[in-house]
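# Structural characterization, general
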Amino acid sequence: METEQDRVVKIEGDENDPLSRGYICPKVFALVDLHEDPDRLRRPVIREGDSWREVEWDEAFRVAAQGLHAVQKTGGRDTLATYFGNPTVHNLPAQLSAAMLIRTLDSHVRFSASTVDQFPHMLAAQQVFGGQLTIAVPDVDRCRMLIIMGANPLASNGSFMTAPGIRGRLRAIQKRGGKVVVIDPRRTETARLADRHLFIRPSTDPLLLLAMLNVIFADGLVAPGAADGLIDGAELIEQHAANYTPEAVELLTGIAAADIRELVKDFTDEPAAAVYPRIGTCLQPYGTLVSVLSLAVNLLTGKVDREGGLMFPHAAIPNRSRGRYGRWKSRVRGMPEFAGEIPAATMAEEMDTPGEGQLRGLVTMAGNPVLSTPNGRRLEGALEGLDFMVSLDPALNETTRFANVILPPRNSLMNPQYSLAFHQLAVRDTARFSQPVFEAADGELSEWEISRGLLSELVRLRNEDAAASGGEPEADPAQAMSATVTEVIDMMLAGGEHGLTVEKLSEHPSGLDLGALKTGGLARVVLHDDGRVKLAGDMVEGELERLAADFARKRVGQVTEPDAEGNGMLLVGRRHLRSNNSWMHNCPSLAEGKPRCTALINPADASRLDLADGQLVSVQSRVGRVDIPVELSDEIMVGVVSIPHGWGHDRPGTRMKVAAEAGGVSVNDLTDEAQTEGLTGNAVLNGVPVTVAAA
Ligand SMILES: Nc1nc2c(c(=O)[nH]1)N[C@H]1C(S)=C(S)[C@@H](COP(=O)(O)OP(=O)(O)OC[C@H]3O[C@@H](n4cnc5c(=O)[nH]c(N)nc54)[C@H](O)[C@@H]3O)O[C@H]1N2
Ligand SMILES: Nc1nc2c(c(=O)[nH]1)N[C@H]1C(S)=C(S)[C@@H](COP(=O)(O)OP(=O)(O)OC[C@H]3O[C@@H](n4cnc5c(=O)[nH]c(N)nc54)[C@H](O)[C@@H]3O)O[C@H]1N2
Ligand SMILES: [Mo]
């Protein structure tokens with residue numbers, strides 16, 4: 001970035017960056033829009049009736065802390081919840097603050113975007129390797145066959161595979177004589193580039209993977225390579241897979257038995273190959289099982305921990321947390337905690353269901369659950385009914401408009417950046433520390449400073465009470481947060497594995513190259529005490545049995561009984577390169593082009609339902625209805641309707657001029673908070689049965 005005073009005048013890719021190699025995504029240019037956005041909050045605001053009053057930080061911290069303190073004092077600590085959204089992991093001060101907020105607020109009721117996203121992958125990693133973030137990524141740069149299931153990296157840029165410039169990286173697979181196969185109910189941008197695309201009926205991925213395993217066992221193709229002698233539970237997988245021949249699943253999955261057999265042959269013939277499942281396979285009823293089964297395919301055929309296969313990145317600051325499961329349960333539905341969180345799909349009911357422990361307060365940071373979690377309309381009502389809410393967010397949007405106090409962080413160009421999450425998921429080992437682009441002006445605070453001010457004031461109030469009642473005072477969190485974010489990262493690097501410091505990284509402003517992914521990862525990452533890789537513990541076995549029962553009743557791929565709901569259409573999502581979940585829609589540079597929030601349906605369905613291209617249709621589910629223009633295309637499978645999420649900025653009381661004009665509806669007014677993934681409670685946002693009819 002080139003700057004003049006407080007303006008960015010030029011943005012270019014950095015060819016010396018060993019990971020991106022100069023690629024930048026269109027959203028990078030929008031960083032300027034975000035920085036200059038006239039709607040972005042620059043000062044804290046307090047809601048007074050329908051209007052907002054700008055205040056100084058001291059007053060904002062005082063009012064916010066009083067409100068949170070009152071909630072916890074009245075109903076107990078667990079009547080205050082937190083929701084941390086996706087940008088938390090893209091913003092270093094926010095990410096470091098999250099742990100401090102959790103520790104000091106001291107509530108068990110913690111939500112985040114992870115339970116509308118990757119919890120199934122995390123639980124699978126924990127079950128199989130013993131660590132919730134022990135995630136193996138495809139070694140795309142050396143791979144010769146990549147099977148992509150339920151991911152569209154050409155739009156998303158990869159996800160559990162940090163892979164900037166993925167188009168070039170996939171093309172390179174083809175130039176090496178390799179193959180890319182995409183399995184998706186939509187012929188996506190990625191599928192168009194691929195050598196082969198197979199349409200799959202939503203949520204039937206566990207059947208496809210079991211059929212692949214069926215062939216792998218039946219044809220004697222098991223050859224675990226680096227994992228040889230380390231795998232437990234293969235027998236149970238084999239036993240179950242025996243019931244799912246390719247022929248037995250072809251009708252339900254929509255994939256011909258011959259295609260499944262060919263897929264297995266191509267995959268097992270090529271040593272440098274990997275199956276990469278992502279969000280399309282998480283947001284479904286058997287998400288964790290799908291993730292375990294995809295690991296089973298990779299492990300049993302020797303693709304894990306080999307060059308060109310599925311490999312374990314070696315981040316400079318590795319996350320080795322094991323992740324615990326089921327230590328407590330949600331109050332209303334009794335959903336188990338995982339990794340310290342309960343599912344976002346239970347958030348509204350925890351707020352609007354009376355009884356002891358009912359949520360009365362909420363702190364959000366970098367999240368917009370009204371648009372991003374299931375049944376947003378119910379959540380709106382629930383947020384309105386809270387006693388007190390605080391948001392650490394730069395936007396007055398669909399969610400933060402319910403806050404009593406909004407504490408806006410400064411723009412992230414004023415922060416240093418080091419990605420704790422994405423180095424650990426990257427297709428090449430690198431480390432990059434970026435200095436702030438701009439100095440922060442007076443009164444512009446980062447999430448770290450905001451959290452410190454807020455928590456310190458909260459603890460001061462608690463300690464006043466403690467002094468009055470003769471209780472023990474708590475330590476002021478400001479002490480634990482006295483270091484700067486840069487100092488914290490420096491300490492974490494020093495405790496990491498490559499012997500790095502911020503100073504050393506500063507000598508490599510484009511990023512330090514730590515090389516291609518390395519073999520020997522299994523020995524390094526497996527965290528089970530006995531060092532084994534476990535394909536089928538009790539939880540996985542339970543899911544295999546549940547699937548077998550559903551399969552016997554042919555209910556797989558349906559979140560409710562067939563025909564009980566809807567006219568046979570299943571709803572799935574999609575992403576666009578120039579959009580990012582529910583935000584960045586206020587950036588003029590990304591807003592151009594034709595409206596993106598359309599319902600894609602196949603012409604065959606349109607003629608069955610008597611619909612014409614461009615016509616307004618109403619899409620209805622158990623929980624709600626939206627009216628949206630239809631876009632006919634044979635890129636979507638028959639029986640499936642695709643609507644992107646994060647739109648619908650016309651709700652009253654927000655301050656986002658460009659976004660409000662963009663139109664669109666929120667698909668999460670249709671998704672059903674009652675439908676959750678079997679083990680993690682992750683929301684089932686794909687494969688939702690809906691009725692589509694002329695509006
Ligand atoms: N139907 C359907 N729903 C989905 C999905 C889907 O595929 N289909 N995908 C799901 C997924 S994967 C995810 S991750 C979630 C995302 O769900 P959320 O995390 O709840 O939503 P986002 O749109 O990412 O939230 C962005 C919020 O962060 C704020 N923000 C942006 N930058 C910063 C910053 O630097 N600091 C702070 N403090 N705030 C910031 C924005 O103003 C906005 O309020 O959506 C999920 N919802
Ligand atoms: N431009 C852009 N980039 C993003 C984001 C964004 O909003 N915009 N969001 C970021 C976030 S938070 C995340 S988590 C990642 C997600 O990254 P990806 O996982 O690549 O996400 P999507 O592009 O939504 O791709 C999901 C695909 O799953 C397909 N699908 C739906 N149901 C099923 C099913 O039952 N089975 C199978 N096999 N496929 C199915 C959909 O048609 C879709 O093509 O992207 C990140 N990158
Ligand atoms: Mo996500």
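Only a predicted model underlies this, so the values are computations on that prediction, with no experimental measurement involved.

## Here's the deal with the overall build of the chain
On a plain count of helices and strands, the chain comes out with 25 helices and 27 strands. Compactness check: the chain gives a C-alpha radius of gyration of 25 Å against a globular reference of 26 Å for 695 residues, within 12% of the reference. Taken along its principal axes, the extent of the C-alpha atoms in the chain is 70 × 60 × 55 Å. Out of the 695 residues in the chain, the part that is buried amounts to 60%. Excluding contacts between residues fewer than 6 apart, the proportion of contacts in the chain whose partners are at least 24 apart in sequence is 77%. Side chains of the chain give 69 positive and 93 negative charges; the mean places of these two sets differ by 2 Å.

## Side note on the site of ligand 1
Within the structure, ligand 1 sits among 30 residues, and Y83, N86, D393, E447 and S582 are positioned closest to it. Within the backbone of L392, an N or O atom sits 3.0 Å from a nitrogen atom of ligand 1. In the complex, 95% of the free accessible area of ligand 1, which totals 920 Å², lies under the protein chains. Grouping the amino acids of the shell around ligand 1 by side-chain chemistry returns 15 nonpolar, eleven polar and four charged.

## Re the pattern of salt bridges
Where charged atoms from two side chains of opposite charge approach closely, those side chains can pair. If you walk through the whole model with that rule in mind, you get 53 salt bridges. Between E262 and R196 there is a salt bridge whose closest N-O contact spans 3.8 Å. Taken together, the residues span a long stretch of sequence, with E262 in helix 11 (residues 257-269) and R196 in strand 10 (residues 196-198) at a distance of 66 residues. Take E262: its relative accessible area is 39%, and that puts it in the partly exposed class. Note that D387 and R360 form a salt bridge whose closest N and O atoms lie 3.0 Å from each other. Of the two residues, D387 sits in the loop between helix 16 (376-384) and strand 17 (388-392) while R360 sits in the loop between helix 14 (347-352) and strand 16 (361-365), which places them 27 residues apart along the sequence. Residues joined in a network through salt bridges with shared partners are D352, R378, R622, D672 and E673.

## Re the site of ligand 2
Around ligand 2, a shell composed of 31 residues is seen, among which S156, D184, S203, D205 and S579 lie nearest. Contacts to ligand 2 include I279, whose backbone N or O atom sits 3.1 Å from an oxygen atom. For the shell around ligand 2, the secondary structure elements donating two or more residues are helix 5 (153-156) and helix 12 (279-282). If one sorts the elements of the shell around ligand 2 by residue count, helix 5 sits on top with three residues. The residue inventory of the shell around ligand 2, partitioned by class, reads ten nonpolar, 15 polar and six charged. Mapped onto the domain boundaries, the shell around ligand 2 takes at least three residues apiece from domain 2 (122-315 + 522-540) and domain 3 (560-694).

## Re the domain arrangement of the chain
Looking at the assigned domains, one finds that the chain contains domain 1 (1-36), domain 2 (122-315 + 522-540) and domain 3 (560-694). Between the C-alpha centres of domain 2 and domain 3 the distance comes to 28 Å. At the interface, 27 residues of domain 2 touch 25 residues of domain 3. Across the domain 2/domain 3 interface, buried area totals approximately 2000 Å², and carbon plus sulfur atoms make up 59% of it.

## Digging into the packing of helix 10 (residues 246-253) against helix 11
Orientation of helix 10 relative to helix 11, taken along the N-to-C sense of each, is 115°, at an axis distance of 8 Å. Classified by the angle between their axes, helix 10 and helix 11 sit roughly perpendicular to one another. Here helix 10 and helix 11 pass one another in a crossing that is right-handed. From helix 10, P246, E247, V249 and E250 reach across to helix 11, where they touch A257, I260 and R261. Of the residues contributing to the contact of helix 10 with helix 11, the split by class is four nonpolar, no polar and three charged.

## A few points about the sheet that holds strand 4 (residues 51-54)
To summarise the sheet geometry, strands pair through backbone hydrogen bonds and adopt either a parallel or an antiparallel arrangement. The seven strands are arranged 4-3-18-17-16-5-6 in an open sheet whose pairing can be described as mixed. Each edge of the open sheet carries a strand with a single partner, namely strand 4 and strand 6 (110-112). Taken together, the five bridges between strand 5 (residues 80-84) and strand 16 define a ladder with parallel strand orientation. The residue bridging L80 from the neighbouring strand is G361, located in strand 16. Packed on one face of the sheet, helix 2 (residues 57-75) meets strand 3 (45-48), strand 4, strand 5, strand 16, strand 17 and strand 18 (405-406) and runs near 135° to strand 17.

## Here we look at the sheet that holds strand 12 (residues 273-277)
Sheet architecture is open: four strands sit in the order 10-9-8-12, paired in parallel fashion. Edge positions in the open sheet fall to strand 10 and strand 12, since each of these has one partner strand only. Between one strand axis and the next, the sheet turns through 15° on average, direction left out of account. Note that strand 8 (residues 145-149) and strand 12 share five bridges and pair parallel. What sits directly across from I148, in strand 12, is Y276. Sheet strands in contact with helix 11 are strand 8, strand 9 (179-183), strand 10 and strand 12, and its direction is about 135° off that of strand 8.

## Section: the nonpolar core
The biggest cluster of nonpolar side chains holds 86 residues, and the ones touching the most others in it are L146, I147, L170, I183, M212, L213 and L299. At ten residues, helix 8 (residues 205-218) tops the list of elements feeding residues into this core. In contact with I147, other than residues within four places in its own chain, are V181, I183, M212, L263, F267, A274, V275 and Y276. Listed in part, the 50 residues of the second largest apolar core include L68, L80, L101 and M365.

## Remarks on helix 8
The end-to-end C-alpha distance of helix 8 is 20 Å, a good match for the 20 Å that 14 residues give at a rise of 1.5 Å each. Buried residues dominate helix 8, accounting for 13 of its 14 residues.

## Details of the pairing of strand 19 (residues 428-431)
Both faces of strand 19 are covered, namely the face carrying R428 and T430 and the face carrying D429 and A431. Relative to strand 20 (residues 512-516), strand 19 runs antiparallel, the two sharing four bridges. Its bridge partner lying in strand 20, R428 is registered against A516.

About the thresholds
- Residues numbered from 1 in each chain as written.
- Chains lettered and ligands numbered in written order.
- Predicted model: local features only at pLDDT ≥ 70, side-chain atom pairs only at ≥ 80, totals over all residues.
- Heavy atoms only, no water.
- Helix = DSSP H or I, 4+ residues; strand = E, 2+ residues; numbered from the N terminus.
- Rg over C-alpha atoms; globule rule 2.2 N^0.38 Å.
- Buried < 20%, exposed > 50% of the residue type's maximum accessible area, 1.4 Å probe, protein only.
- Contact = heavy atoms within 4.5 Å.
- Lys, Arg positive; Asp, Glu negative; His and termini not counted.
- Charge placed at Lys NZ, Arg CZ, Asp CG, Glu CD.
- Near = heavy atom within 4 Å.
- Polar contact = N/O pair within 3.5 Å; in protein donor to acceptor, adjacent residues only side chain to side chain.
- Areas by Shrake-Rupley, 256 points an atom, 1.4 Å probe, with all protein chains shown as cover.
- Nonpolar A, V, L, I, M, F, W, Y, C, P; charged D, E, K, R; others polar.
- Salt bridge = Lys/Arg side-chain N within 4 Å of Asp/Glu carboxyl O.
- Domains from an automatic or database assignment.
- Buried area = accessible area lost by both parts, 1.4 Å probe.
- Axes fitted to C-alpha atoms, helices over the stretch in contact; angles between N-to-C directions.
- Parallel < 35°, antiparallel > 145°, perpendicular 65-115°, else oblique.
- Left-handed = near helix turned anticlockwise from the far one by under 90°.
- Pairing = 2+ DSSP bridges.
- Core = buried A, V, L, I, M, F, W, Y, C linked by side-chain atoms within 4.5 Å.
- Expected span 1.5 Å × (residues − 1).

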